[in-house]
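# Close look at the chain arrangement
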Amino acid sequence: MSRSPASLEPPADAVSPVRHPEAPAPGELLGAHYGECFGCGGGQPHGLHLAARAGEGVSITAEFTVQPAHQGAPGLAHGGVLASALDETLGSLNWLLRTIAVTGRLDTDFVRPVPVGTTLYLEAEVTAVAGRKIYSTATGRIGGPGGPVAVRADALFIEVKVDHFTDNGRPEEIRAAMDDPDQLRRARAFEVNP
């Protein structure tokens, strides 16, 4: 049985990803791209507060701890929350390419339950690039970075222009982000949309 649908297999003319020369250094904490982001922002009380670090090449590591607000079944993480953690991690890879991209497809495998209170250790890497398409893969482990796989995903991200966000986002949030006097925060708000 194939692990990924054909739509997530890079085409024959795909190329290896190249880390942008101005990408964060390996080991550097990426920080939130937007304070209100459910995945990485600190402004969401029930968000994931996922912390991602740049890795070698075009890879990252990330962690998040499952909170009681993230439950599906009693005492277990909701599958949608786990998919969100994978999506956020995969989306963060685009910072290493210095590309604005959005999720086009996310194929997720749930391998084992993830209890509340568990820290999920995530690893992700870009595997190929074909035009505007960015192919990537991620795994989430429990019990430590070398622990058993609990979730995994393959994804296709599509490069977009910033107007994807400014034309489609809720005007109040777009205006607030654009009016932020901190140029770095203003630019980062539109860098990634996992």
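What you are looking at is a predicted structure, and each value in this text was computed from that prediction instead of being measured.

### Quick word on the overall build of the protein chain
- Secondary structure summary: the protein chain contains five helices and seven strands in total.
- Counting from the amino terminus, the protein chain carries its helices and strands in the arrangement β-β-α-α-β-β-β-β-α-α-α-β.
- Among the 194 residues that make up the protein chain, the fraction classed as buried is 42%.
- Long-range contacts, defined as pairs at least 24 residues apart, comprise 66% of the intrachain contacts of the protein chain with a sequence gap of at least 6.

### Thoughts on unusual backbone geometry
- Positive phi is not limited to glycine here, since H49 has a value of about 50°.
- For R98, which is not a glycine, the phi torsion comes out positive at approximately 60°.
- Considering the arrangement of structural elements, one finds R98 in the loop between α2 (94–97) and β3 (101–110).
- Among the residues examined, R98 registers a relative accessible area of 45% and is labelled partly exposed.

### Describing the nonpolar core
- Within the largest apolar cluster, 36 residues are counted, with the highest numbers of intra-cluster contacts made by L50, F64, L90, V114 and L120.
- Only β1 (51–54), β2 (59–65), α1 (79–92), α2, β4 (119–130), β5 (133–142) and β6 (149–159) provide two or more residues apiece to this core.
- In this structure L50 touches G39, C40, A62, E63, F64, A85, E88, T89 and L122, once residues within four positions along its chain are discounted.

### A word on α1
- For α1, which comprises 14 residues, the first-to-last C-alpha distance of 20 Å matches the rise-based estimate of 20 Å (1.5 Å per residue) to within 8%.
- Inspection of α1 places V81, L82, A83, A85, L86, D87, E88, T89, L90, G91 and S92 among the buried residues, and these make up the whole buried set.

### Considering the side chain of T99
- Note that T99 resides in the loop between α2 and β3.
- T99 gets classed as buried once you look at its relative accessible area, which sits at 15%.
- At 3.3 Å, the side chain of T99 forms a polar contact with the backbone oxygen of L97.

### Quick look at the pattern of salt bridges
- Scanning the entire structure with this criterion turns up two salt bridges.
- Among the ionic pairs, R98 bridges to E22, the shortest N-O distance being 3.3 Å. One end of the pair, R98, is in the loop between α2 and β3; the other, E22, is in the segment before β1, with 76 residues separating them in the sequence.
- Put simply, D109 and R152 hold a salt bridge, and the shortest N to O gap is 3.4 Å. Taken as a pair, D109 in strand β3 and R152 in strand β6 lie far apart in primary sequence, 43 residues in all.
- Taking relative accessible area as the criterion, R152 reaches 27% and is therefore assigned partly exposed.

### Some words on the pairing of β1
- On β1, burial follows the alternation: A52 and A54 on one face are buried, whereas A51 and R53 on the facing-out side are not.
- The pairing of β1 with β2 spans four bridges and is classified as antiparallel. Within β2, the residue paired with A52 across the bridge is A62.
- In this structure, the hairpin formed by β1 and β2 is closed by a connection of four residues, where G57 is found at a positive phi of approximately 60°.

Criteria and thresholds
- Residues numbered from 1 in each chain as written.
- Predicted model: local features only at pLDDT ≥ 70, side-chain atom pairs only at ≥ 80, totals over all residues.
- Heavy atoms only, no water.
- Helix = DSSP H or I, 4+ residues; strand = E, 2+ residues; numbered from the N terminus.
- Buried < 20%, exposed > 50% of the residue type's maximum accessible area, 1.4 Å probe, protein only.
- Contact = heavy atoms within 4.5 Å.
- Core = buried A, V, L, I, M, F, W, Y, C linked by side-chain atoms within 4.5 Å.
- Expected span 1.5 Å × (residues − 1).
- Polar contact = N/O pair within 3.5 Å; in protein donor to acceptor, adjacent residues only side chain to side chain.
- Salt bridge = Lys/Arg side-chain N within 4 Å of Asp/Glu carboxyl O.
- Pairing = 2+ DSSP bridges.

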